[in-house]
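Observations on the three-dimensional arrangement
Residue strings, one per chain:
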Amino acid sequence: MNNDFSILAQFLENLGPEVSGHSSNPLSATQIEMIQQFAQGNLSDEDRENLLPEILGNETALHELVNKLQAIS
């Protein structure tokens with residue numbers, strides 16, 4: 001499973017310049033915690049589905065996810 005997250009982290013890192021048109025709003029403590037739980041594989045399917053659009057639409061959230069995934073690897 002860690003290998004899957006490693007592959008995802010590498011993919012998201014490669015998106016860097018292409019997501020620059022997306023929002024880069026600051027994250028709340030709750031959002032950061034949800035991203036941490038997502039990276040650790042501790043979210044329900046429903047919570048993941050709700051969080052993914054938020055992550056993909058916010059450059060700050062994408063970078064946070066990559067950082068969390070790299071910390072786990």
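For the structure itself, consult the block above.
This text gives an overview of the structure that appears in the document. (Residues numbered from 1 in each chain as written. Predicted model: local features only at pLDDT ≥ 70, side-chain atom pairs only at ≥ 80, totals over all residues. Heavy atoms only, no water.)

**Considerations on the overall build of the chain**
- When helices and strands are tallied, the chain shows four helices and zero strands.
- Ordering the α and β elements of the chain from the N terminus gives α-α-α-α.
- Classification of the 73 residues of the chain by burial places 32% in the buried group.
- Within the chain, counting contacts between residues at least 6 apart in sequence, those at least 24 apart form 73% of the total.
- Accessible surface for the chain amounts to roughly 4,600 Å². Of this, 50% is attributable to carbon and sulfur atoms. (Helix = DSSP H or I, 4+ residues; strand = E, 2+ residues; numbered from the N terminus. Buried < 20%, exposed > 50% of the residue type's maximum accessible area, 1.4 Å probe, protein only. Contact = heavy atoms within 4.5 Å. Areas by Shrake-Rupley, 256 points an atom, 1.4 Å probe, with all protein chains shown as cover.)

**Structural notes on the nonpolar core**
- Counting residues in each nonpolar core, the largest one holds 11 residues, listed as L27, I35, F38, A39, L43, L51, I55, A61, L62, L65 and L69.
- Top element by residues in this core is helix α4 (residues 59-72). It accounts for four residues.
- Residues within four places of I55 in sequence aside, it is in contact with I35, F38, A61, L62 and L65. (Core = buried A, V, L, I, M, F, W, Y, C linked by side-chain atoms within 4.5 Å.)

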